[in-house]
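Structure assessment
Listed below are the residues making up each chain.
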Amino acid sequence: MSDSNTGGGANSSTAVAVAEEPEATVTIDIEALEREGDIAADYIEGLLDIADFDGDIDMDVEGDRALVSVVGATLKELIGERGEVLEALQELTRLAVHRTTGYRSKLMLDIGGYRESRRKALRKLGAEVANEVKRTGKPKKLSPMTPFERKVVHDAVAAAGLHSESDGEEPNRCVVVYPAD
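Bear in mind the structure is a predicted one, so any value in this text is a computation, not a measurement. (Residues numbered from 1 in each chain as written. Predicted model: local features only at pLDDT ≥ 70, side-chain atom pairs only at ≥ 80, totals over all residues. Heavy atoms only, no water.)

On to the overall build of the protein chain, then. From N to C terminus, the protein chain includes five helices and eight strands. Going residue by residue from the N terminus, the α and β elements of the protein chain occur as β-β-α-β-β-α-α-β-α-β-α-β-β. The proportion of buried residues among the 181 residues of the protein chain is 34%. Of all intrachain contacts in the protein chain linking residues separated by at least 6 positions in sequence, the fraction that spans at least 24 positions is 54%. Total accessible area on the protein chain stands at roughly 10,900 Å², and carbon and sulfur atoms take up 50% of it. (Helix = DSSP H or I, 4+ residues; strand = E, 2+ residues; numbered from the N terminus. Buried < 20%, exposed > 50% of the residue type's maximum accessible area, 1.4 Å probe, protein only. Contact = heavy atoms within 4.5 Å. Areas by Shrake-Rupley, 256 points an atom, 1.4 Å probe, with all protein chains shown as cover.)

Turning to the side chain of Arg94, a few remarks are in order. Residue placement: Arg94 occurs in helix H3 (residues 84–101). For Arg94, the side chain forms a polar contact with the side chain of Glu91, separated by 3.1 Å. Among the polar contacts made by the side chain of Arg94, one reaches the main-chain carbonyl oxygen of Leu107 at a distance of 2.8 Å. With near-sequence residues (within four places) excluded, Arg94 lies in contact with Arg65, Ser105, Lys106 and Leu107. (Polar contact = N/O pair within 3.5 Å; in protein donor to acceptor, adjacent residues only side chain to side chain.)

For helix H1 (residues 30–51), spanning 22 residues, the distance from its first C-alpha to its last is 31 Å, which sits close to the expected 32 Å at 1.5 Å a residue. Along H1, the positions that sit buried rather than exposed are Ala32, Leu33, Glu36, Gly37, Ile39, Ala40, Ala41, Ile44 and Leu48. Between the side-chain oxygen of the N-cap and the backbone nitrogen of Glu31 there are 3.2 Å, and the N-cap of H1 in question is Asp29. Just past H1, the residue Asp52 takes up positive phi, approximately 60 degrees. (Expected span 1.5 Å × (residues − 1).)

What follows concerns the sheet that holds strand E5 (residues 108–111). Backbone hydrogen bonds hold the strands of a sheet together, and the pairing may be parallel or antiparallel. On the basis of which strands lie adjacent, the open sheet formed by three strands has the order E3-E4-E5 and mixed pairing. Of all the strands in the sheet, the pair left with one neighbour each is strand E3 (56–62) and E5. Strand-to-strand, the axes of this sheet are offset by a mean angle of 20 degrees, without reference to chain direction. Across four bridges, the pairing between strand E4 (residues 65–71) and E5 is parallel. Its bridge partner being in E5, Leu67 is matched across the sheet by Met108. Along the sheet, H1 contacts E3, E4 and E5; its crossing angle with E3, the most-contacted strand, is approximately 155 degrees. Where H3 meets the sheet, it contacts E4 and E5, and its direction lies at approximately 140 degrees from that of E5. (Pairing = 2+ DSSP bridges. Axes fitted to C-alpha atoms, helices over the stretch in contact; angles between N-to-C directions.)

With that settled, the discussion passes to the sheet that holds strand E7 (residues 163–167). In space, the three strands of this open sheet follow the order E6-E8-E7, with antiparallel pairing throughout. Sheet topology places strand E6 (140–144) and E7 at the edges, where each strand pairs with a single neighbour. Sheet twist, expressed as the average angle between the axes of neighbouring strands with direction ignored, equals 20 degrees. Pairing of E7 with strand E8 (residues 174–178) involves five bridges; the strand directions are antiparallel. In the strand pairing of E8, Asp167 is matched with Cys174. In the packing of helix H4 (residues 114–136) onto the sheet, the strands contacted are E6 and E8, and the crossing angle to E6 comes to about 155 degrees. Its contacts with the sheet put helix H5 (residues 147–159) on E6, E7 and E8, and the angle it makes with E7 is roughly 160 degrees.

Have a look at this one:
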């Protein structure tokens with residue numbers, strides 16, 4: 001993994017053990033992630049001003065990615081149906097960060113708490129489908145989902161002790177849950 005160097009000292013990085021290989025460590029440059037968040041926040045703030053939307057911007061670092069959240073009362077237009085506008089804004093924001101830093105960003109953008117509420121619903125869906133597949137012994141194919149949504153479902157299925165895979169091509173890529181062998 002490449003880390004951008006924003007001039008921070010050794011104390012701006014944290015070593016994190018990788019679960020698959022306990023001996024391996026991944027260095028997370030917190031200062032670089034905070035810089036990504038600042039760039040993204042400035043970009044989103046500019047978009048909000050242009051579109052005349054009110055919203056407060058919160059920044060955080062979750063794991064190995066910057067998280068930028070926009071909270072406000074009138075933000076449904078920025079989420080869109082099934083989060084399509086949010087996904088597009090996230091990609092544009094990542095491009096703005098890339099243009100400034102020269103590094104690909106894994107930044108996560110949330111608007112009005114949409115991702116968190118969607119995450120909760122998808123965890124529940126993943127657990128319910130895993131229980132159904134355990135009960136029937138038959139694979140189950142879910143509706144198409146965004147990469148974010150598929151990741152949440154895969155994690156929930158794995159937590160239930162089953163295996164899942166993504167199938168198909170974007171934008172019709174979906175999760176298939178398989179029974180235990």
